[in-house]
Structures are given as structure tokens and as C-alpha cells.
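Descriptive structure summary
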Amino acid sequence: MAARAMVTGAAGRIGRAVLALLAERGIEVNALVLDDPGDLAARLVVTGDAADAKTVRAALEGADAVIHLAAIPTPARNTAFEVFAGNSLSTFTVLEEAGRAGIRHAAVASSWGVTGLPWTAAEDPHPPYAPVDEAMASQVADPYGLSKQVDELTAQMMARRHGMSVVCLRYPYVGGFEERLNAHAARLTADPAAGARELWTYLEVHDAARAALLALDVPGSAAHTVHLCAPEIIVPYPTEELLRRYHPTTELRCPIPGRTAPVDTSAARRLLGFTAHNLLGRGDGREGAGGDRR
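The following refers to the structure shown.

Now for the environment of Lys 148. By the element assignment, Lys 148 lies in helix 4 (residues 143–162). Overall, the relative accessible area of 3% leaves Lys 148 in the buried class. Within the local environment of Lys 148, its side chain forms a polar contact with the backbone oxygen of Ala 109, the two atoms lying 2.8 Å apart.

Below you can see the structure in the form of C-alpha cells.
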């Protein structure tokens with residue numbers, strides 16, 4: 001495990017959970033943020049853009065691992081140029097500077113958006129098969145999803161270039177129960193169609209943080225991509241019924257019993273030893289709640 005980690009996007013939803021978990025485990029933190037909120041649990045706080053090499057070098061001082069979470073998280077609020085260029089360049093810069101500094105372990109926030117399903121212009125996008133896995137062809141037609149595709153390619157190149165272990169974490173809809181997941185569940189229960197592009201998946205924020213820390217322990221010099229989500233969908237309906245109704249052309253490659261999430265997370269189990277523990281209605285959002293966590 002790292003002695004000191006540099007975390008980009010440290011003031012964000014997942015970033016704050018990562019900082020808290022690192023502190024619990026006695027790991028020092030360098031935080032890179034656009035603006036310092038003044039309350040981050042970090043030894044060093046550097047303000048600036050993760051796409052700026054000088055800023056990243058300052059934030060990497062003394063670090064031996066990197067968790068890169070900084071990104072424009074949607075194509076909806078910025079121009080296409082800002083979203084694609086900003087996200088792609090920041091990932092390249094962080095991994096390049098980390099590699100030059102001799103850092104050999106990195107975790108990068110990828111996204112369910114890399115599938116293309118959330119923001120494609122297609123009126124009714126469907127995954128070709130379920131459970132969805134990392135090998136499924138993308139339907140990306142937006143700058144955010146494209147930037148995450150490029151991030152994953154960048155990770156592969158940096159692993160070869162610097163002999164790094166880089167794990168790209170395909171996060172779904174992430175949040176705390178009280179903060180947003182309970183309301184999200186109620187909204188999708190009333191209107192399941194609204195969750196069809198996400199396949200009704202989610203991940204509690206402390207699980208998301210734990211996955212990032214586990215990614216830092218992956219040995220070797222290779223890049224990996226894993227899907228992450230809770231093992232059950234967020235709505236109280238049978239998964240196969242939802243798929244038949246909202247994704248009628250999707251091939252079911254195996255039975256998907258009950259409310260099982262239609263996403264294959266076996267790669268995360270094998271590589272990280274991760275299974276989400278905090279499930280809607282079962283956990284309290286704290287480390288260890290609800291059983292096995294990834």
C-alpha cells in the first residue's frame with residue numbers, strides 16, 4: 001500500500017470519500033483541486049488545473065501513488081471542446097508526470113459513459129448483450145464518453161511507457177444514500193425508463209473510494225479496465241423484466257435472476273478483490289456496512 005497518495009479532484013464527491021479512507025488507513029495525501037475549499041484532510045493542497053504539468057509536478061511531491069478523479073463529469077454543461085480536451089489532457093498529464101516521477105501505481109476514474117449509452121443521440125440505445133462486460137463495443141457519440149475512451153487508451157500507453165500499473169474504474173451513478181441515492185431510487189422506481197441508459201446501476205460513494213484504494217495494490221506493469229456497480233439494481237423490479245421491456249433487442253447471455261445488476265463485475269473481483277458492500281436499504285454508507293465490499 002502507498003505511503004502517500006496524490007489525489008486529483010479531491011474536493012469532489014468520490015474525492016472526499018477517498019481522502020477520508022486514506023486518512024483512516026494512515027496514508028498521507030497530496031490533494032490537487034481547482035479551488036481549495038479549506039477543509040480537505042490532506043498534508044498538501046495544490047490548487048490548479050490537472051492538465052497543467054507544472055501544477056501536477058507540485059502536487060506529486062513525495063507521492064508514491066496517484067488516484068486521478070478530476071474531470072468534467074458530463075457533456076451537458078461545457079462545450080464539447082472543453083469536455084474532451086480538458087479530460088483527455090488532464091489524464092495524459094497526470095500519468096505522464098507520475099511516470100516521470102517514478103510512480104508505478106495509479107487509479108483513474110473512467111465511467112459507465114464509456115459505453116456510449118448515457119448520452120448517445122440514438123433515441124433508444126440498447127446494449128447488444130447483457131450482462132455488459134468490458135469487451136462490449138462502445139456506442140459513444142458524445143465528447144465525455146470519447147474522453148473516457150481516450151483515458152483508457154492513455155492508461156494503456158502509460159503502462160507501457162513507464163512500466164506502471166494503471167487501473168481504470170468504470171464508475172456508474174455514484175453517491176451517498178441520503179445525499180442522492182435514495183432520491184435517485186425513488187425517481188427511477190416511479191419512472192424506470194429514466195434509468196434504462198444506466199441499466200439501473202449505482203455504487204455507494206464509500207464503495208467507490210475503496211475500489212480506488214484497492215486499485216493501487218495491483219502489481220505489475222499493465223493497464224486494466226473494470227466495471228463497478230452494486231450487485232443489485234436500484235429499483236424494486238426483476239432485472240430481466242426491465243431488460244425485456246426497455247431493451248428488447250438485447251441478448252441475455254445468461255440468466256439474470258431477481259434484481260441482479262446486468263453488468264459483469266467479475267473482473268473487479270478478480271483484479272481488486274472488490275465487491276460492493278453498501279447496498280440500498282441494507283448499508284449505512286460506512287466502511288464495512290452491509291457485508292463484503294469491493
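There is more to say after this.
In the segment running from Ala 130 into Pro 131, the intervening peptide bond is cis, with an omega of 0 degrees. With respect to the helices and strands, the residue Pro 131 is situated in the loop between strand 6 (129–130) and helix 4. Phi angles above zero are rare outside glycine, and Leu 199 is one such case at about 55 degrees. For Leu 199, the location among the structural elements is in the loop between helix 5 (177–190) and strand 9 (203–204). Its relative accessible area of 0% is what places Leu 199 among the buried residues. Although it is not a glycine, Trp 200 adopts a positive phi angle of roughly 60 degrees.

Looking along a regular strand, one sees the side chains alternate between the two faces of the sheet. Counting buried positions over the 7 residues of strand 5 (residues 105–111) gives 6, a clear majority of the element. By the bridge criterion, 3 bridges tie strand 4 (residues 65–68) to strand 5 in an arrangement that is parallel. When the sheet's bridge partners are listed, His 68 is paired in strand 5 with Val 108. One crossover worth recording links strand 4 to the parallel strand 5 by way of helix 3 (residues 80–100), and it is right-handed. Where strand 5 and strand 7 (residues 165–171) come together, 7 bridges link them in parallel fashion. Of the residues in strand 7, the one forming a bridge with Val 108 is Cys 168.

Turning to the side chain of Thr 120, a few remarks are in order. Within the element layout of this structure, Thr 120 appears in the loop between strand 5 and strand 6. Thr 120 sits in the buried class, given a relative accessible area of 10%. Setting aside chain neighbours within four positions, we find Thr 120 in contact with Pro 125, Gln 139, Ala 141 and Arg 197.

Further remarks concern the sheet that holds strand 3 (residues 44–47). Here we have 7 strands laid out as an open sheet, ordered 3-2-1-4-5-7-10, and parallel in their pairing. Of all the strands in the sheet, just strand 3 and strand 10 (223–227) have a single pairing partner and so form its edges. Across the sheet, the axes of successive neighbouring strands diverge by a mean angle of 15 degrees, strand direction being ignored. The strands touched by helix 1 (residues 13–24) within the sheet are strand 1 (4–8), strand 2 (28–33), strand 4 and strand 7, with strand 1 carrying the most contacts at an inclination of about 170 degrees. Packing of helix 3 onto the sheet brings it into contact with strand 1, strand 4, strand 5 and strand 7, and relative to strand 4 it is tilted by some 175 degrees.

Now for the side chain of His 247. Structurally, the position occupied by His 247 is in the loop between helix 7 (239–246) and strand 11 (251–252). A polar contact is formed between the side chain of His 247 and the backbone oxygen of Pro 125, at a distance of 3.5 Å. Ignoring sequence-local partners within four residues, the contact set of His 247 consists of Pro 125, His 126, Pro 127, Ala 196, Leu 199, Trp 200 and Leu 242.

Turning our eyes to something else, we now look at the environment of Tyr 173. Along the chain, the position of Tyr 173 falls in the loop between strand 7 and strand 8 (174–175). Since its relative accessible area comes to 18%, Tyr 173 is described here as buried. With 159 residues separating them in the primary sequence, Tyr 173 and Ile 14 have C-alpha atoms 11 Å apart. Not counting residues within four places of it along the chain, the set of residues in contact with Tyr 173 comprises Arg 180, Leu 181, His 184, Arg 187, Glu 198, Thr 201, Tyr 202 and Leu 203. Among the polar contacts made by the side chain of Tyr 173, one reaches the side chain of Arg 180 at a distance of 3.3 Å.

Parameters at a glance
- Residues numbered from 1 in each chain as written.
- Predicted model: local features only at pLDDT ≥ 70, side-chain atom pairs only at ≥ 80, totals over all residues.
- Heavy atoms only, no water.
- Helix = DSSP H or I, 4+ residues; strand = E, 2+ residues; numbered from the N terminus.
- Buried < 20%, exposed > 50% of the residue type's maximum accessible area, 1.4 Å probe, protein only.
- Polar contact = N/O pair within 3.5 Å; in protein donor to acceptor, adjacent residues only side chain to side chain.
- Pairing = 2+ DSSP bridges.
- Right-handed = clockwise from strand over helix to strand, strands pointing away.
- Contact = heavy atoms within 4.5 Å.
- Axes fitted to C-alpha atoms, helices over the stretch in contact; angles between N-to-C directions.

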